[in-house]
Amino acid sequence: MRKLFIGAGVVLALLGGGFNQMACAAESPQRPIMQIQNKQGIKVVYDARKDEWQAGIGKSLYYVRGLVESYKKQGVEPSKLDIHIVLHGPTAYWALKDEAFQTTQSDPFAVNTNAKIIHDLNALGVKVEVCNVTLRGYGWTHDMLLPDVKIVFDAYTRMIELQQEGYAYIIF
């Protein structure tokens with residue numbers, strides 16, 4: 001029994017030392033967080049090809065908004081960013097007005113929650129684009145699209161063109 005108490009005492013002493021080290025670490029100054037140096041000529045194209053959702057909107061739209069906010073926190077205003085998001089394949093329906101969106105969902109009461117974020121992104125200067133080949137494939141017409149969405153001939157040639165112009169390519 002005596003050995004157990006000695007062992008427990010050693011463990012407590014060791015733990016106590018660990019807690020003191022943790023307290024000291026918490027009091028020490030934080031390490032600096034590296035921020036961007038280049039605050040000009042920022043060009044990005046998002047390839048929105050996966051129908052994934054986050055916070056009630058298309059995931060790539062959510063992350064585009066996050067990117068704009070991240071740059072803003074580092075001193076780059078949205079007007080200085082050149083961001084495109086190209087919706088194609090299974091994400092193209094995100095760009096539909098409610099009436100057409102309801103048809104895709106087989107729900108006469110469905111609301112396209114992406115409409116507001118697309119409008120907000122457009123107001124920040126983000127170009128939301130949809131693939132015309134995808135539209136034709138689904139039988140959708142241009143008048144079914146939200147007014148803030150641009151139509152591109154096809155997604156792949158558009159993204160290739162933007163990459164050739166120096167845009168960073170992000171896949172979603």
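Presented here is an overview of the structure given in this document. (Residues numbered from 1 in each chain as written. Predicted model: local features only at pLDDT ≥ 70, side-chain atom pairs only at ≥ 80, totals over all residues. Heavy atoms only, no water.)

1. A short note on the overall build of the chain
Helices and strands together make up the secondary structure of the chain, namely six helices and seven strands. Relative to all contacts within the chain whose residues are 6 or more apart in sequence, the contacts with residues 24 or more apart total 70%. Accessible surface computed for the chain: about 10900 Å², of which carbon and sulfur atoms make up 59%. (Helix = DSSP H or I, 4+ residues; strand = E, 2+ residues; numbered from the N terminus. Contact = heavy atoms within 4.5 Å. Areas by Shrake-Rupley, 256 points an atom, 1.4 Å probe, with all protein chains shown as cover.)

2. Overview of the pattern of salt bridges
In total, this model carries seven salt bridges according to the counting rule given. Taking the shortest distance from any N to any O, the salt bridge between Glu-129 and Arg-158 comes out at 3.0 Å. Of this pair, Glu-129 sits in strand β5 (residues 127-131) while Arg-158 sits in helix α6 (residues 155-164); the two residues are 29 residues apart in sequence, bridging distant segments of the chain. Here Arg-158 ties to Glu-161 by a salt bridge, and the two come within 2.9 Å at their closest N and O atoms. In this pair, Arg-158 and Glu-161 are both assigned in helix α6, three residues apart and thus about one turn of the helix distant. (Salt bridge = Lys/Arg side-chain N within 4 Å of Asp/Glu carboxyl O.)

3. Considering the pairing of strand β6 (residues 149-152)
Bridge count between β5 and β6: four bridges; the pairing is parallel. Among the inter-strand pairings, Val-128 is bridged to a residue of β6, identified as Val-149. (Pairing = 2+ DSSP bridges.)

4. Examining the sheet that holds strand β4 (residues 81-87)
Ordered in space as β6-β5-β4-β1-β7, the five strands form an open sheet in which the pairing is parallel. For this open sheet the edge positions go to β6 and β7 (168-171), each flanked by a neighbour on one side alone. Here the strands of the sheet are splayed against their neighbours by 25° on average, with no regard to which way each runs. Sheet topology note: the β4/β5 ladder contains four bridges and is parallel. Looking at β5, one finds that Leu-87 is bridged to Val-130. Packed onto the sheet, helix α2 (residues 59-73) meets β1 (42-48) and β4 and runs at close to 175° relative to β4. Across the face of the sheet, α6 comes into contact with β1, β4, β5, β6 and β7 while running at roughly 160° to β4. (Axes fitted to C-alpha atoms, helices over the stretch in contact; angles between N-to-C directions.)

5. Focus: the side chain of Glu-129
We classify Glu-129 as buried; its relative accessible area is 3%. Not counting chain neighbours up to four residues away, the residues in contact with Glu-129 comprise His-84, Ile-85, Val-86, Leu-87, Val-149, Lys-150, Val-152 and Arg-158. (Buried < 20%, exposed > 50% of the residue type's maximum accessible area, 1.4 Å probe, protein only.)

6. A word on the nonpolar core
Membership of the largest hydrophobic core comes to 35 residues, with the highest contact counts inside it found for Tyr-46, Ile-83, Ile-85, Leu-87 and Val-126. Looking at this core, the elements that each hand over two or more residues are β1, α2, β4, α3 (98-105), α4 (114-123) and β5. In terms of residue count, α2 provides more of this core than any other element does, five residues in total. Val-45, Cys-131, Leu-162 and Tyr-167 belong to the second largest nonpolar core, which has eight residues in total. (Core = buried A, V, L, I, M, F, W, Y, C linked by side-chain atoms within 4.5 Å.)

7. Re the packing of aromatic side chains
What the rule picks out here adds up to six aromatic pairs. Grouped by ring-pair contacts, the aromatic residues Tyr-46, Tyr-62, Tyr-63 and Phe-172 constitute a single cluster. (Phe/Tyr/Trp six-rings, centres within 6.5 Å; stacked < 30°, edge-to-face > 60°.)

Limitation: the analysis is restricted to geometry and does not speak to function.
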